[in-house]
Structure formats: C-alpha cells, structure tokens
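A structural walkthrough
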Amino acid sequence: MKHTSTRRSCLRSALAGLCLLPLVSNAANVVVGTGSDTSYIVLSSGNLGVLIYEVSYDASSGPHDTKFLLDQVLAGDSSISMAFSNWGSASEPNYSLDSITSNLVTEAASFSPPFVYWAQWVSGGEAGYPDAVPVSTGSWSYGSGISSPYRLIAPGSWDAFVYSDGSSPPSATLIPETSSLLLAPLGALVVFRRRRNG
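Counting of residues starts from 1 at the beginning of each chain's written sequence and follows it residue by residue. Only residues with pLDDT of at least 70 are given local features in this predicted model, and only at 80 or more are side-chain atom pairs given and counted; all residues enter the totals for whole chains, interfaces and linings. By convention in this description, side-chain values take in all heavy atoms of the structure and omit both hydrogens and water.

Here we look at the pairing of strand β7 (residues 117–123)
Throughout, exposure labels follow a simple rule: accessible area from a 1.4 Å probe, protein chains only, divided by the maximum for the residue type, with under 20% read as buried, over 50% as exposed, and the rest as partly exposed. Helix numbering and strand numbering both begin at the N terminus, where a helix is a DSSP run of H or I of at least 4 residues and a strand a DSSP run of E of at least 2. Among the seven residues of β7, six are classified as buried, and the element is accordingly described as predominantly covered. Strand pairing requires that DSSP identify at least two bridges connecting the strands. As defined by bridge partners, β7 adjoins strand β9 (residues 158–164) across seven bridges and the pair is classed as antiparallel. When the sheet's bridge partners are listed, Trp121 is paired in β9 with Ala160. Bridge count for β7 against strand β8 (residues 141–142) is two bridges, and the pairing is antiparallel. Each bridged residue has a counterpart across the sheet, and for Val122 the counterpart in β8 is Ser141.

Points about the packing of aromatic side chains
The aromatic pairing rule takes the rings of Phe, Tyr and Trp, using the six-membered ring of Trp, and pairs them if the centres are within 6.5 Å, calling planes under 30 degrees apart stacked, those over 60 edge-to-face and the rest tilted. Summed over the entire model, instances satisfying the criterion amount to six aromatic pairs. Relative to Tyr95, the ring of Phe84 lies with its centre 6.4 Å away and its plane at 75 degrees, an arrangement referred to as edge-to-face. In this pair, Phe84 sits in strand β4 (residues 80–86) while Tyr95 sits in strand β5 (residues 95–102), placing the two residues eleven residues apart along the sequence. Relative accessible area serves as the criterion here: at 23%, Phe84 is assigned to the partly exposed category. The class of Tyr95 is partly exposed, set by a relative accessible area of 27%. Ring geometry for Trp118 and Tyr163: centres 5.1 Å apart, planes at 40 degrees, overall tilted. In this pair, Trp118 sits in strand β7 while Tyr163 sits in strand β9, placing the two residues 45 residues apart along the sequence. The exposure class of Trp118 is buried, given its relative accessible area of 4%. Judged by its relative accessible area of 23%, Tyr163 falls in the partly exposed class.

Observations concerning the sheet that holds strand β6 (residues 105–108)
Strands sit in the order β4-β5-β6 across an open sheet of three strands; the sheet is antiparallel. In this open sheet, the two edge strands, each paired with only one partner strand, are β4 and β6. Strand-to-strand twist in this sheet, taken as the mean axis angle between neighbours without regard to direction, amounts to 25 degrees. Where β4 and β5 come together, seven bridges link them in antiparallel fashion. Opposite Ile80, over in β5, you have Ser102 as the bridge partner. Those strands touched by helix α2 (residues 66–76) are β4 and β5, and its axis lies near 150 degrees from that of β4. A fitted line through C-alpha atoms serves as each axis, taken over the contacting stretch for helices, and the angle formed by two N-to-C directions is quoted from 0 to 180°. We call two residues in contact when some of their heavy atoms are within 4.5 Å.

Notes on the sheet that holds strand β1 (residues 30–33)
Taking strand neighbours across the sheet as the criterion, the six strands line up as β1-β3-β2-β9-β7-β8 in an open arrangement whose pairing is mixed. Because the sheet does not close on itself, it has two edges, and the strands there are β1 and β8. Looking at chain direction, strand β2 (residues 37–45) and strand β3 (residues 49–57) are connected through nine bridges and run antiparallel. In the strand pairing of β3, Ser44 is matched with Val50.

This is the structure in structure tokens:
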C-alpha cells in the first residue's frame with residue numbers, strides 16, 4: 001500500500017516538475033532595475049545568443065515605453081552597449097535601435113544585402129496599430145516602434161529584438177506572470193502531500 005502511495009507521490013512530483021520546466025528554462029538571465037512591476041526584454045542574435053532581461057520598475061511612476069526598458073538594461077548590464085537614432089524631436093522622440101555591441105562584436109542594421117536589423121516584436125502592453133497581442137496567447141506581434149505613443153509597456157509585457165531580416169518572431173517562449181502564480185500552489189501541494197505521505 002505504501003509502495004503505491006510513493007509511486008503516486010513521485011508521479012505528482014514529476015508532473016509538477018514538467019509544469020514548472022518552462023518557467024525554469026525560460027527564466028530571465030539578467031535582472032535589472034528596481035520596483036514592484038516587471039516587464040521583459042529579449043535580445044537575440046548569433047553573437048548574443050538569447051538574452052532575457054527581467055526589468056523591475058514602478059508602473060505608477062508614469063507611462064513607460066520600450067526605450068525606458070532598454071535604458072534600464074544599459075544601466076544594469078555593463079557588458080552591453082546600444083546605439084539609437086531619434087527620428088522625432090527632443091520633446092517627441094521616435095527612437096529606433098540601430099546596433100548592439102557585446103563580446104567586442106557590434107551588430108548593426110545593414111541597408112545592403114542581406115538587409116538585417118534589430119527587428120522588434122512585442123506581446124502585452126500597447127503597440128500602436130496593430131495593437132500588441134496579449135501575453136496569455138503565447139504569441140508575438142511585430143513591433144511598431146520603441147517610443148511612446150508607438151509602444152507603451154505594461155506590467156508583464158514582453159519586448160524582443162531579433163537581429164534578422166524581420167521575418168521570424170523570437171524563439172523565446174512567452175510566459176504570463178499569472179502562470180507562475182497558478183503553478184506555485186500546485187508545486188507546493190505536491191511537495192506537502194509527498195512529505196505527508198512519506
């Protein structure tokens with residue numbers, strides 16, 4: 001009887017582990033910023049691999065855009081630098097991400113073949129037209145800019161920049177913040193029941 005109970009506990013633990021695996025495998029590599037709210041930045045290229053930044057901030061301190069998140073990344077990670085262009089004005093900026101330098105390699109937009117650039121993808125928040133798909137859908141929308149009003153982040157939103165021709169979305173799996181809140185009690189229940197039965 002106890003042998004069957006132990007098997008069930010092991011099975012439950014394994015299932016909980018499988019449920020939590022995406023959260024572990026897609027966890028943010030670098031945590032930057034301060035505050036009670038979180039949004040995410042993904043940078044993906046041949047040189048960088050896939051870097052995921054968990055950016056903490058206070059959403060109540062005013063509307064924030066992707067440029068704000070990128071500035072937090074630059075302030076928190078000295079191993080990376082970025083160059084921007086402002087297609088707007090000082091009072092109404094319209095920034096674009098031109099290049100990223102890391103590991104002594106600069107990857108910049110190319111206006112000749114193969115026409116690669118830092119393609120922006122978004123999920124959650126607001127992204128002009130068309131609006132960003134919700135994070136809960138697990139999919140990405142092509143970005144419409146990194147400055148307000150073209151992009152406004154929200155707690156739990158994701159922004160990604162893929163050094164490519166812009167035809168493929170990022171490989172990073174989107175995980176809504178609520179999913180971890182829902183899975184945490186499940187994991188705790190399995191551990192509690194396992195200890196009780198053990």
